[in-house]
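For reference, the chains in residue letters:
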Amino acid sequence: MDLDTVRTFVAVAEAGQFQEAAAELAVTQQAVSKRIAALERDLGVRLFTRTPRGAELTIDGQAFLPHAHELLRVAERAVTSVRTGHRPLRVDVIASRSAQSGLMRGFHSAHPEIDLDVVMLFDIETAVAAVRSGAIDASFRAVAAPGRPLPADIESVRVLDEPLQLLTGPAHALARARSVTLAQLTGHRIWMPGIVPGTEWTAYYDDLVAEFGLTIEATGPNFGSDALLDTIADTPALATFMGEHSRLIWPAGHGLRRIPVIDPTPVYPHSLLWHRDNPHPALATLRAYLAATAAGPDAAGTWAPGWVLPR
């Protein structure tokens, strides 16, 4: 059904005159008559009766009028849902319990008037493609991985350096330590089943291993954080790395320990990516919020891979 004919029908019904409806729609009276005739053919009924006073709705016209209004409202909502500045700001985070998700929760608390869609994409190639296509407005990533520079139309800014912590079970040799150095971790098995070849976080941990001689294992399937925590709690020989801002809850009986890593403190560098031509007004608000609240990178006593872009 042609929305122009529906819109014309509503205009005539409200004005009561073909001529007045034509003036309101900025078309000729002949065009109005043709649109109404076309709509009547589509519906198979008469919608108006011409009288000396103008055009009056028939019984069928009266029945169709509220539905015509609803059709136009639905069409307007459909357009608004994708119109920049009216649709939600779409932002990609890697995981719901991650530091990036925490940043977005803080942004939502500071700007509740901004509608958000938070999505979770897996790898940086997928995220960059979604940013370039307009499927999302921004993505949190560690950039740029070695040998994979960002496309020229993608902007990025480093917004948070997240310290890594060591997570152990209660029987681990380092469980009672208040902090551990990277040198102390040499020879200990650090299990991280979420490491997947080709991802930016794998590149990060590859550099960490090469720099400090650590042993990071990615053996076995990744059954998620709950299974990881269960295994770490029950296996004295294993530990894992966790971001300081990761929000995880485990049963009290697990007795897990989160231990700061120092000398130096390895930090995971989170950056925000967006398309340079993205006009969504809330994107500038998000960038300003992150610039004002996120900790600066490259603090003294920290380590990040050399391929990470500075702020």
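Please refer to the structure placed before this passage.
Residues numbered from 1 in each chain as written. Predicted model: local features only at pLDDT ≥ 70, side-chain atom pairs only at ≥ 80, totals over all residues. Heavy atoms only, no water.

**Considerations on the overall build of the protein**
Each helix and strand in the protein was counted, giving nine helices and 13 strands. Taken over the C-alpha trace, the protein has a radius of gyration of 30 Å; the compact-globule value for 311 residues is 19 Å, which it surpasses by more than 25%. Taken along its principal axes, the extent of the C-alpha atoms in the protein is 95 × 40 × 35 Å. Once local pairs closer than 6 in sequence are excluded, the contacts in the protein between residues at least 24 apart make up 73%. Surface accessibility of the protein: about 15500 Å² in total, with carbon and sulfur atoms responsible for 54%. The distance from the centre of the 27 positive side-chain charges to the centre of the 34 negative ones in the protein is 3 Å. (Helix = DSSP H or I, 4+ residues; strand = E, 2+ residues; numbered from the N terminus. Rg over C-alpha atoms; globule rule 2.2 N^0.38 Å. Contact = heavy atoms within 4.5 Å. Areas by Shrake-Rupley, 256 points an atom, 1.4 Å probe, with all protein chains shown as cover. Lys, Arg positive; Asp, Glu negative; His and termini not counted. Charge placed at Lys NZ, Arg CZ, Asp CG, Glu CD.)

**A look at the packing of aromatic side chains**
Inspection of the entire model under this criterion finds 10 aromatic pairs. On the numbers, 5.4 Å between centres and 90 degrees between planes, the contact of F122 with W201 is edge-to-face. Of this pair, F122 sits in the loop between strand 4 (116-119) and helix 6 (124-133) while W201 sits in helix 7 (residues 200-212); the two residues are 79 residues apart in sequence, bridging distant segments of the chain. Ring pairs connect the aromatic residues Y204, Y205, F212, F241, Y268 and W303, which therefore count as one cluster. (Phe/Tyr/Trp six-rings, centres within 6.5 Å; stacked < 30°, edge-to-face > 60°.)

**So, a nonpolar patch on the surface**
A cluster of nonpolar side chains, namely M1, L3, L43 and L71, defines an oily patch on the protein surface of about 330 Å² accessible area. Examined against the element boundaries, L3 turns out to sit in helix 1 (residues 3-15). Under the relative-accessibility criterion, L3 is labelled partly exposed at 32%. (Patch = residues over 30% accessible without salt bridge, like charges linked within 9 Å, V, L, I, M, F, W, Y side chains within 5 Å. Salt bridge = Lys/Arg side-chain N within 4 Å of Asp/Glu carboxyl O. Buried < 20%, exposed > 50% of the residue type's maximum accessible area, 1.4 Å probe, protein only.)

**Considering helix 9 (residues 281-293)**
An ideal rise of 1.5 Å per residue puts 18 Å on 13 residues; helix 9 measures up with 19 Å between its terminal C-alpha atoms. Taken as a whole, helix 9 has its buried residues at A282, L283, L286, Y289 and L290. The buried residues of helix 9 occupy an angular sector of 125 degrees when projected down its axis, which confines them to one face. Away from the buried face of helix 9 by more than 90 degrees, exposed residues A291 and A292 are located. Looking at the packing, one finds that the buried side of helix 9 touches strand 3 (89-92), helix 5 (99-110), strand 5 (138-141), strand 6 (154-168) and strand 12 (265-275). (Expected span 1.5 Å × (residues − 1). Arc of directions from axis to C-beta.)

**Observations concerning the environment of Q17**
Assignment of secondary structure puts Q17 in the loop between helix 1 and helix 2 (18-25). Among the residues examined, Q17 registers a relative accessible area of 27% and is labelled partly exposed. Leave out the neighbours within four places in its chain, and Q17 touches V12, R53 and G54.

**Here we look at the pairing of strand 5**
Neither face of strand 5 is exposed, since A138 and F140 on one face and S139 and R141 on the opposite face are all buried. Both strand 5 and strand 12 contribute to a ladder of three bridges, which runs antiparallel. Bridging across to strand 12, F140 finds its partner in L272. (Pairing = 2+ DSSP bridges.)

**Things to note about the packing of helix 2 against helix 3 (residues 29-43)**
Relative orientation of the contacting elements helix 2 and helix 3 amounts to 105 degrees, with a least axis distance of 8 Å. In terms of axis orientation, helix 2 runs roughly perpendicular to helix 3. Between helix 2 and helix 3, the contacting residues are F18, Q19, A21, A22 and L25 on the first element and Q29, V32, S33, R35 and I36 on the second. Each residue belonging to the contact of helix 2 with helix 3 can be placed in one class, and the counts come to six nonpolar, three polar and one charged. (Axes fitted to C-alpha atoms, helices over the stretch in contact; angles between N-to-C directions. Parallel < 35°, antiparallel > 145°, perpendicular 65-115°, else oblique. Nonpolar A, V, L, I, M, F, W, Y, C, P; charged D, E, K, R; others polar.)

**A closer look at the pattern of salt bridges**
The full count for this structure, using the stated rule, is 10 salt bridges. The closest approach of N and O atoms between R7 and D4, which form a salt bridge, is 3.2 Å. Of this pair, R7 and D4 both sit in helix 1, three residues apart, which is roughly one turn of the helix. The closest approach of N and O atoms between R189 and E217, which form a salt bridge, is 2.9 Å. In this pair, R189 sits in strand 8 (residues 189-191) while E217 sits in strand 9 (residues 215-217), placing the two residues 28 residues apart along the sequence. Under the relative-accessibility criterion, R189 is labelled partly exposed at 37%. By sharing partners, the salt bridges in this structure join D92, R141 and E200 into a single network.

**Some thoughts on unusual backbone geometry**
Of note, the amide linkage connecting D263 to P264 takes the cis form, showing an omega dihedral of -10 degrees. When you line up the elements, P264 lands in the loop between strand 11 (257-262) and strand 12. You will see that A26, though not glycine, has its phi angle at about 60 degrees, which is positive. Its place among the elements puts A26 in the loop between helix 2 and helix 3. Mapped onto the elements of the fold, D263 is located in the loop between strand 11 and strand 12. On the basis of relative accessibility, which here comes to 60%, the residue D263 falls in the exposed class.

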